[in-house]
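Here is what each chain is made of, one letter per residue.
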Amino acid sequence: MLAMRAERFSGYEALKLVELPKPTVTDGKVLVRITAAGVTPLDHTILVGDFHIPEKPLILGNEGAGVVEEGGGAEFPAGSRVMFWGTYGAFEDGTYREWIAVRKEDLCLIPDGVDDISAAGIPVAYLTAQVALKLAGFGPGKTVLAPAIGGSVGNAVTQLARALGAKHAISSTTNHAKAEQANALGFNEVIDTSAEKLTDGVRRITDGYGADIIIDGIGGEVLSEAVKALAPGGSLITLGYSASRKTTIDVTSLIVSQTSIRGFNMFSQPHAIVADAWKSTASLLKSGAIKPIVAKTFPLAEAAEALRYLVEGRPFGRVVLTI
């Protein structure tokens, strides 16, 4: 089979197209023929050597979609269309290849009406969004802020919050064109930070109240500014650092309003919580309440270009490899 493998962790040039044996099904795993693989910021973090030090070489790819070939039993019979996520591409070989053996608990049937390309970009963003919102104490009527409407988690949190009954589902962008694109797609509470500070935008939209919950996958100055937008007693979950791993926080923003910050690692979540998130996500996809946005697709052999486009082009929506 063909696979795009990181021969070392030094940047785009380290990603090579290689021929490898097709995996066999052992230990109760399910053999899946991959049709599409999501491209994520984590893939880039690993490729440039900024993650833990995994075994190399390593096939990247944390999520994907495909067709069950064998080993799925009655729950996932041969021919079933599935999407999946797990430690693939980070702690074991991932989805940038033609076949993969997947643990059954990492699989979810793709709802009718959702194509494989869209499905490949669903797991990381929407499972993360579901679990993070739950941990933050989300409920109908809450106000949620998730910066970066064009990014995977920012967009997924905004969609989910709106679908689940948020009073306000707010996001942001640093790009005026993206703000207009977001509005055209129905996201009408997006703050254009090229024209207005994030905190000012949140206060404007909420009549001065602020955000009960903030899910931040950006870090850096965005996190620093977001803390100031919390409503009294509100909570911020930080789970990414695409802008920067470091920031400065005015602690009085936390003390005066008795707000809190919590770190989040999707890999550390209990199986039962992830299983519940899969069920909720699948139900919302089936009803049409949420809809993934794909910016661009690339063939498997152009995985390096896909990663460059994601990181440097900063598109609105997901980047997906077709296999």
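Along each chain, residues carry numbers from 1 onward, in the same order as the chain's sequence is written. Restriction of local features to residues with pLDDT of at least 70 applies here, the model being predicted, together with a cutoff of 80 or more for giving and counting side-chain atom pairs; totals for whole chains, interfaces and linings are based on all residues. Side-chain numbers here rest on the full set of heavy atoms in the structure, without hydrogens or water.

Caption draft 1: Structural context of the layout of surface pockets. Here a cavity is any set of points on a 1 Å grid over the protein atoms alone where a 1.4 Å probe fits but cannot get out, and a pocket is any open set with protein on both sides within 12 Å along at least 5 of 7 lines; a residue lines the site when it has an atom within 4 Å of a point. Grid points are joined across faces, edges and corners, and a volume is the space filled by probe spheres set on the points. What the second largest pocket holds in volume is close to 300 Å³. Helix and strand assignments follow DSSP, with helices taken as H or I runs no shorter than four residues and strands as E runs no shorter than two, numbered in order from the N terminus. The dominant element in the lining of the second largest pocket, judged by the number of residues it contributes, is helix α9 (residues 271-287), at 6 residues. Residues are grouped as follows: nonpolar covers Ala, Val, Leu, Ile, Met, Phe, Trp, Tyr, Cys and Pro; charged covers Asp, Glu, Lys and Arg; every other residue, Gly included, is treated as polar. Within the lining of the second largest pocket, the residues separate by chemical class into 9 nonpolar, 1 polar and 5 charged.

Caption draft 2: A look at the packing of aromatic side chains. The aromatic pairing rule takes the rings of Phe, Tyr and Trp, using the six-membered ring of Trp, and pairs them if the centres are within 6.5 Å, calling planes under 30 degrees apart stacked, those over 60 edge-to-face and the rest tilted. For the coordinates displayed, the defined rule picks out 5 aromatic pairs. Ring geometry for Phe-84 and Tyr-88: centres 6.2 Å apart, planes at 90°, overall edge-to-face. A relative accessible area of 0% places Phe-84 in the buried class. Throughout this description, buried means an accessible area under 20% of the type-specific maximum (1.4 Å probe, protein chains only), exposed means over 50%, and partly exposed covers the range between. Given the relative accessible area of 1%, Tyr-88 is considered buried. One aromatic cluster is present, built from ring pairs that chain together Phe-51, Trp-85, Phe-91 and Phe-267.

Caption draft 3: Broad picture of helix α10 (residues 303-313). Listed in full, the buried residues belonging to α10 are Ala-303, Ala-304, Ala-306, Leu-307 and Leu-310. Each buried residue of α10 lies within a common arc of 160° when the element is viewed along its axis, so the set occupies one face. Here a residue-residue contact requires only that any non-hydrogen atoms of the pair lie within 4.5 Å. Those residues of α10 that are buried are in contact with β1 (2-6), β2 (15-19), β3 (30-39), α1 (41-47), β15 (294-299) and β16 (318-322). One or two residues past the end of α10 sits Arg-314, with phi positive at roughly 45°. As used here, the arc belongs to the directions running from the helix axis to the C-beta atoms.

Caption draft 4: Inspection of the sheet that holds strand β10 (residues 168-173) at higher detail. Whether two strands pair depends on DSSP finding at least two bridges between them. One open sheet accounts for 6 strands, arranged β11-β10-β9-β12-β13-β14; its pairing is parallel. In this open sheet, the two strands that pair with only one neighbour each are β11 (190-192) and β14 (260-263). Sheet twist, expressed as the average angle between the axes of neighbouring strands with direction ignored, equals 20°. Inspection of the sheet shows strand β9 (residues 143-145) paired to strand β12 (residues 211-216) by 2 bridges, in the parallel sense. Note on β12: the bridge partner recorded for Val-144 is Ile-213. The axes are straight lines fitted to the C-alpha atoms, using for helices just the contacting stretch, and the angles between their N-to-C directions are given from 0 to 180°. Across the face of the sheet, helix α4 (residues 152-163) comes into contact with β9, β10 and β12 while running at roughly 160° to β10. Strand contacts of helix α7 (residues 220-227): β12, β13 (230-238) and β14, with the helix running at about 160° to β13, the strand carrying the most contacts.

Caption draft 5: Here's a closer look at the side chain of Arg-318. Within the secondary structure layout, Arg-318 lies in strand β16. Relative accessible area serves as the criterion here: at 6%, Arg-318 is assigned to the buried category. Of note is the side chain of Arg-318, whose polar atom sits 2.7 Å from the side chain of Glu-63. Every residue in contact with Arg-318, bar those within four places of it in the chain, is listed here: Gly-38, Val-39, Thr-40, Glu-63, Gly-121, Ile-122, Ala-125, Ser-152, Ile-293, Val-294, Ala-295 and Lys-296. In the analysis that follows, any N or O atom pair within 3.5 Å is treated as a polar contact, provided that within protein one partner can donate a hydrogen and the other can accept it, and provided that, for residues neighboring in sequence, both atoms belong to side chains.

Caption draft 6: Representation of the pairing of strand β6 (residues 81-85) within the structure. Counting buried positions along β6 gives 4 out of 5 residues, so the element sits mostly inside the fold. Relative to β6, strand β5 (residues 63-70) runs antiparallel, the two sharing 5 bridges. Looking at β6, one finds that Glu-63 is bridged to Trp-85. Bridge count between β6 and strand β8 (residues 107-109): 3 bridges; the pairing is antiparallel. What sits directly across from Val-82, in β8, is Leu-109.

Any link to function would need more than the numbers given here.
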